[in-house]
Amino acid sequence: MSSFVWRKRAQAGGILFALIGATPIASSGAQPKAAPPDFSSNFVGWVGLNGAGPFFEPVPGRLPPVVSDPAHPFVPNGTNAQPSFRIADLSDPNLKPWVKERMKKDIDEVLAGKIAFTPSSSCVPAGVPLFMGYGGPNPIVFLQTPKEVWIIFMSDQQVRRIYLDVPHSAHPKPSWYGESVGHYEGDTLVIDTIGLSDKTVVDVYRTPHTEKLHVVERWRMVDGGKAMEAVFTVDDPDAFFQPWTGMRRYRRGQQEPDEIVCAENNSNNLFDYHIPMAEKPDF
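Computed from a prediction, not measured in an experiment: that's the story for all the values here.

Cut-off values and rules
Residues numbered from 1 in each chain as written. Predicted model: local features only at pLDDT ≥ 70, side-chain atom pairs only at ≥ 80, totals over all residues. Heavy atoms only, no water. Helix = DSSP H or I, 4+ residues; strand = E, 2+ residues; numbered from the N terminus. Buried < 20%, exposed > 50% of the residue type's maximum accessible area, 1.4 Å probe, protein only. Contact = heavy atoms within 4.5 Å. Areas by Shrake-Rupley, 256 points an atom, 1.4 Å probe, with all protein chains shown as cover. Expected span 1.5 Å × (residues − 1). Arc of directions from axis to C-beta. Core = buried A, V, L, I, M, F, W, Y, C linked by side-chain atoms within 4.5 Å. Polar contact = N/O pair within 3.5 Å; in protein donor to acceptor, adjacent residues only side chain to side chain. Salt bridge = Lys/Arg side-chain N within 4 Å of Asp/Glu carboxyl O.

Q: How would you explain the overall build of the protein if you had to name every residue and give the values?
A: Secondary structure assignment for the protein yields two helices and 12 strands. Out of the 283 residues in the protein, the part that is buried amounts to 40%. Considering only contacts in the protein between residues 6 or more positions apart, those separated by 24 or more positions represent 54%. If you sum the accessible surface of the protein, you get close to 15,500 Å²; carbon and sulfur atoms cover 55% of it.

Quick look at the structure:
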């Protein structure tokens, strides 16, 4: 059993709870168990580096993620130049032929003037590992309990649920965020995710995948607790010739997280982001 200290803070649209710390209580005669790392950051959240244009960093000695096409460099918002959408380098030898074919079709349409799909703009869940492309400039927040860890992206309240110290289901039904199980290894939270719907993409370059996608993440605090690092490996034998590894780094946020609605009664008809719309009331 564990004793937990919680802080309750009112937010727009409801009440959010933050886990401040955990103090294990040893049973009679048992050795004390080390407390897991506390990622709560006092409920201030974690903001991703490269926030104006988040991407997955390579990990030395590992096969890298997809990168930008040198012929079409990415230009983020907030510069004096015209912002652009991300264009992938299709010379990447790790992409299966059907992946390159689909990405080339998408790239050709974007270069011809089409608005590029992004989950954040389209109000659909990001999936894994693209969830780690979030967190900048708006934070992600951790909620930790003895049986579950929740990771919340505050911009539109997307929530990942990681179930601790349990095995995967035999045949999980594919879903937006799949089935994530995890455990602590010292100062590291290890997350294993399967059962991911192929409706999602794996990165900011809109790289597709199949339902065989398997992602393993390792989250830990670095730089004396001032920063966080997530190193993850992506394996999908039907989309990539070999597993590849990326990294996303975060810093402690400086502002309280706010509830931000992605779209509500949206009337902006200038762009078609393929935001889901109800054709009839659900009540």
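Q: Lay out the environment of Val67 with the relevant residues and their values.
A: Tracing the backbone shows Val67 in the loop between β4 (57–58) and α1 (97–111). On the basis of relative accessible area, Val67 is assigned to the partly exposed category, the value being 45%. Linking Val67 and Asp92, residues 25 residues apart in sequence, is a C-alpha distance of 8.2 Å. If we ignore the near neighbours within four places in the chain, the residues touching Val67 are Ile87, Ala88, Asp89 and Tyr205.

Q: Any details on unusual backbone geometry? Residues and values, ideally.
A: Here the amide bond leading from Val128 into Pro129 is cis, since omega sits at 10°, within 30 degrees of zero. Inspection of the secondary structure assignment puts Pro129 in the loop between α2 (119–122) and β5 (140–144). Phi is positive for Asp165, which is not a glycine, with a value near 55°. By the element assignment, Asp165 lies in the loop between β7 (158–164) and β8 (179–185). The phi dihedral of Asp223 is positive, around 55°, even though this residue is not glycine. Here Asp223 is to be found in the loop between β10 (214–222) and β11 (227–235). Given the relative accessible area of 55%, Asp223 is considered exposed.

Q: Can you explain α1? Please cite residues and give values.
A: Helix length check: α1, at 15 residues, gives a terminal C-alpha distance of 21 Å against a target of 21 Å (1.5 Å per residue), a fit within 8%. Regarding α1, the residues found buried are Val99, Met103, Asp106, Ile107 and Val110. Taken around the axis of α1, the buried residues stretch over an arc of 100°, which confines them to a single face. Relative to its buried face, α1 has exposed residues pointing more than 90 degrees away, namely Pro97, Glu101 and Lys105.

Q: How would you summarise the nonpolar core if you had to cite specific residues and measurements?
A: Judged by nonpolar contacts, the single largest core of 43 residues is most densely connected at Ile140, Phe142, Ile151, Leu189, Trp219 and Tyr250. Ignoring any residue separated from it by four or fewer positions in sequence, one finds Ile151 in contact with Phe131, Ile140, Val141, Phe142, Gln158, Val159, Arg160, Ile162, Ile191 and Trp219.

Q: Before we move on, can you summarise the side chain of Lys96 with the specific residues and values?
A: The topology assignment puts Lys96 in the loop between β4 and α1. At 2.6 Å, the side chain of Lys96 and the backbone oxygen of Pro237 are in polar contact.

Q: Quick one: what's the story with the pattern of salt bridges, residue by residue and with numbers?
A: Enumeration over the complete set of coordinates arrives at nine salt bridges. Notably, a salt bridge pairs Glu109 with Lys114, separated by 2.8 Å at the nearest N-O pair. When salt bridges that share partners are traced, they join Lys105, Glu109 and Lys114 into one network.

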